[in-house]
Structures are given as C-alpha cells and as structure tokens.
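Report on the structure
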Amino acid sequence: MSELSIDTIIKKRKTEGILAAPNSPWTCQSKLGDFRPTIEALLDLAVMAPYHKPCAEHHQQTLASSVPWRFYVLDAMNCRWLLDYIKKENIPSGKIANMLAAADALFLVTWLPDQTESLVAKDELSEVLPFEGTLRNMEHIAAASCAIQNVLIGATARNIPNYWSTGGQLRKFQLRQYLQIPLTEILLGAVFLFPTDSKNRTEQVKPGKMRQKGKEKATWSKWVQLKSPSAVSSK
C-alpha cells in the first residue's frame, strides 16, 4: 500500500453511527464464518499498536497477553442478543440500541489499569474509577487508543462504516456481567462495524460531532524555534 493511499484512508475515516429501529433489527446478512476473516484481519491490525509497558500480572489470568488492552468481539447475532437482553431488562441505552440493531460486529475494547488487587476489589459494582494518575496508566490508555485507531483505519480501508462510542450503558455492572467483561478493566470504547451497504438501508446516520471542529492546523500546532545553544546563558 502506497503512502498516498494510507494518507487518503486516514483522511477518509469518519465517525458514522448507523441507526436501525431496535424493534426491527436488521437481519444478519452473513454468518460469523463469512465475516470472521475480516474481523480477524482487523484484530491483526489492532495488535500492531505500540505499547511501552506490559499490563499488570493480575490482568493476565484469563487472557494471557502482556498488551495493556483487551478486545471482546461480538458478531451480528450476538449484537442482536445483547439488544434483546437490553430490551428484556428495560435498560436505558439510547443510540446504543439503534446501533446494535444494525451492526455486523462490535468490539468492546478495554484498557488495563495498574491498580493492585486490593484497589480493584474496592467496589464490585463499577469499574476502577477514578484510576490512579500514573505515567504507566497514561501509557496504557495511549496504547489501547492506538489499537482502536488501527481498527478504524482498517475498517475504513475496507469501506466498512464504523463508530467509536464511549460505551454508555455498556460500562454498567449488569451489562458487563452479561458480557463477561471484568470490572477490573476500564472500557475505552465500543467500536461498531456496520454493513457496507448501510446507507442503502437507512438514512439514519449519527455523524461525529467534532469532525469539523478545531481542525485548523495553526490552532493546535506550533513550529518551535529555539535559540542557538551558544546564545543561551547557562546562569
């Protein structure tokens, strides 16, 4: 892939939440076996994200990797089952329900804070918030964010509409329990992948609110001009 095409893909990437009626979810167009190679290819991109420090050992019990993130993958059928559970339990979920009704897949991505076991166990009904403001935790968040961005770029390259949600109600204890995602991990994003023909099926698209805001380079970047070291006093 040429540098120009990578630039084009990054610029083309945008937030698109495809909304379907929760009471009329889209029929799953393909079985997991048909879409799984695409999902696996995106996971292969995610794991290429840089990370600086291994996650704490207590995070390596079920999923043994040292990377400071975890991906929990739902195919279209499991997205619909999650939607059915939300409706059955009358859980307020806003646009999450609409996106679950349309999604081909969902990646629930967590990052792994360095808290000790005693701190993790402090509150069994919520994530470890607030987490410790350490340099290692900052590096873990940055690494997990890179993993998500790799997935978004890979999906865009495949013309798959995608949406990075903060997760909303998917952060809460009841749904985390149903999803079997430990509360010792902090949800960084719910990444929805939608059918490539989504816009032919619906006009309900939730765009990213910040895509056009603050983009002028001069408002967020600055060329640094230093003095020659010989001209700087050591006093």
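Figured I'd write up the structure that's included with this text. (Residues numbered from 1 in each chain as written. Predicted model: local features only at pLDDT ≥ 70, side-chain atom pairs only at ≥ 80, totals over all residues. Heavy atoms only, no water.)

1. Structural notes on the packing of aromatic side chains
Rule in force here: Two rings from Phe, Tyr or Trp (for Trp, the six-membered ring) form a pair when their centres are within 6.5 Å of each other. A pair whose planes differ by under 30 degrees is stacked, one over 60 is edge-to-face, and the rest are tilted. Put simply, DSSP marks the helices as runs of H or I at least four residues long and the strands as runs of E at least two long, and each gets a number from the N terminus on. Here's how the labels work: a residue is buried when its accessible area is under 20% of the maximum for its type, exposed when over 50%, partly exposed in between, all with a 1.4 Å probe on protein chains only.
With the rule as written, the count across this model stands at 5 aromatic pairs. Ring geometry for Trp111 versus Phe131: centroids 4.9 Å apart, planes at 85°, classification edge-to-face. A residue pair is termed long-range when its members are at least 10 positions apart, and Trp111 in strand 3 (residues 105-111) and Phe131 in the loop between helix 5 (117-120) and helix 6 (135-157) qualify at 20 residues. Its relative accessible area of 2% is what places Trp111 among the buried residues. Seen from their ring centres, Phe192 and Phe194 are 6.1 Å apart, and the 5° between their planes marks the pair as stacked.

2. Quick look at the nonpolar core
What counts, and what does not: Definition of nonpolar core: a set of buried residues of the types Ala, Val, Leu, Ile, Met, Phe, Trp, Tyr and Cys, connected through side-chain atoms within 4.5 Å. Throughout, a contact is declared for two residues whenever any of their heavy atoms are within 4.5 Å.
Residues Leu82, Leu100, Leu106, Leu108, Leu170, Phe192 and Phe194 are the most contacted members of the largest nonpolar core, which totals 30 residues. If you list the elements that add at least two residues to this core, you get strand 2 (69-75), helix 3 (76-88), helix 4 (95-100), strand 3, helix 7 (173-179) and strand 5 (186-193). Per element, the largest residue contribution to this core is 5 residues, and it comes from helix 3. The residues contacting Leu82, other than those within four sequence positions of it, are Leu74, Leu100, Leu106, Leu170, Leu175, Tyr178 and Leu179. Within the second largest apolar cluster, 24 residues are counted, among which are Val67, Trp111, Ala155 and Ile160.

3. Description of the pairing of strand 3
The test is simple: Two strands qualify as a pair provided DSSP detects at least 2 bridges between them.
Most of strand 3 sits out of view: 7 of its 7 residues are buried. Burial along strand 3 is two-sided: Ala105, Phe107, Val109 and Trp111 and Leu106, Leu108 and Thr110, pointing in opposite directions, are all buried. By the bridge criterion, 7 bridges tie strand 2 to strand 3 in an arrangement that is antiparallel. When the sheet's bridge partners are listed, Arg70 is paired in strand 3 with Thr110.

4. Overview of the environment of Ala103
Its place among the elements puts Ala103 in the loop between helix 4 and strand 3. C-alpha separation for the pair Ala103 and Phe35, spaced 68 residues apart in sequence, amounts to 12 Å. Setting aside chain neighbours within four positions, we find Ala103 in contact with Ala76, Cys79, Arg80, Phe192, Leu193 and Phe194.

5. Regarding the sheet that holds strand 3
Short version of the rule: Simply put, an axis is a line fit to the C-alpha atoms, just over the touching stretch for a helix, and the angle between two N-to-C directions goes from 0 to 180 degrees.
Strands sit in the order 2-3-5-4 across an open sheet of 4 strands; the sheet is antiparallel. Of all the strands in the sheet, the pair left with one neighbour each is strand 2 and strand 4 (162-165). Each neighbouring strand pair of the sheet contributes to a mean axis angle of 20°, computed without reference to strand direction. Here 7 bridges tie strand 3 to strand 5, and the two strands are oriented antiparallel to one another.

6. Some details on helix 6
Put simply, the rule is: By this rule, a helix spans an expected 1.5 Å times one less than how many residues it contains.
With 23 residues, helix 6 extends 33 Å from end C-alpha to end C-alpha; this agrees with the ideal 33 Å at 1.5 Å per step. Those residues of helix 6 that sit buried are Asn137, Glu139, His140, Ala143, Ala144, Ala147, Ile148, Val151, Leu152, Gly154, Ala155 and Thr156. Asn159 sits one or two residues past helix 6 and shows a positive phi near 60°.

7. Describing unusual backbone geometry
Residues other than glycine seldom take positive phi values, yet Asn90 does so here, at roughly 55°. Tracing the backbone shows Asn90 in the loop between helix 3 and helix 4. By relative accessible area, Asn90 is classed as exposed at 66%.

8. Focus on the pattern of salt bridges
How we decide: Every case where a carboxyl oxygen of Asp or Glu lies within 4 Å of a side-chain nitrogen of Lys or Arg is listed as a salt bridge.
Evaluation of the coordinates by the stated rule reveals 9 salt bridges. Here Glu16 ties to Lys199 by a salt bridge, and the two come within 2.5 Å at their closest N and O atoms. Taken together, the positions of Glu16 in strand 1 (residues 16-18) and Lys199 in helix 8 (residues 198-201) put the pair 183 residues apart, joining distant regions of the chain. Ionic pairing is found between Asp84 and Lys87, a salt bridge with its closest N-O pair at 3.9 Å. In this pair, Asp84 and Lys87 both sit in helix 3, 3 residues apart, roughly one turn of the helix. On the accessibility criterion, Lys87 (32% relative accessible area) is partly exposed. Overlapping salt bridges bring together Lys14, Glu16 and Lys199 as one network.

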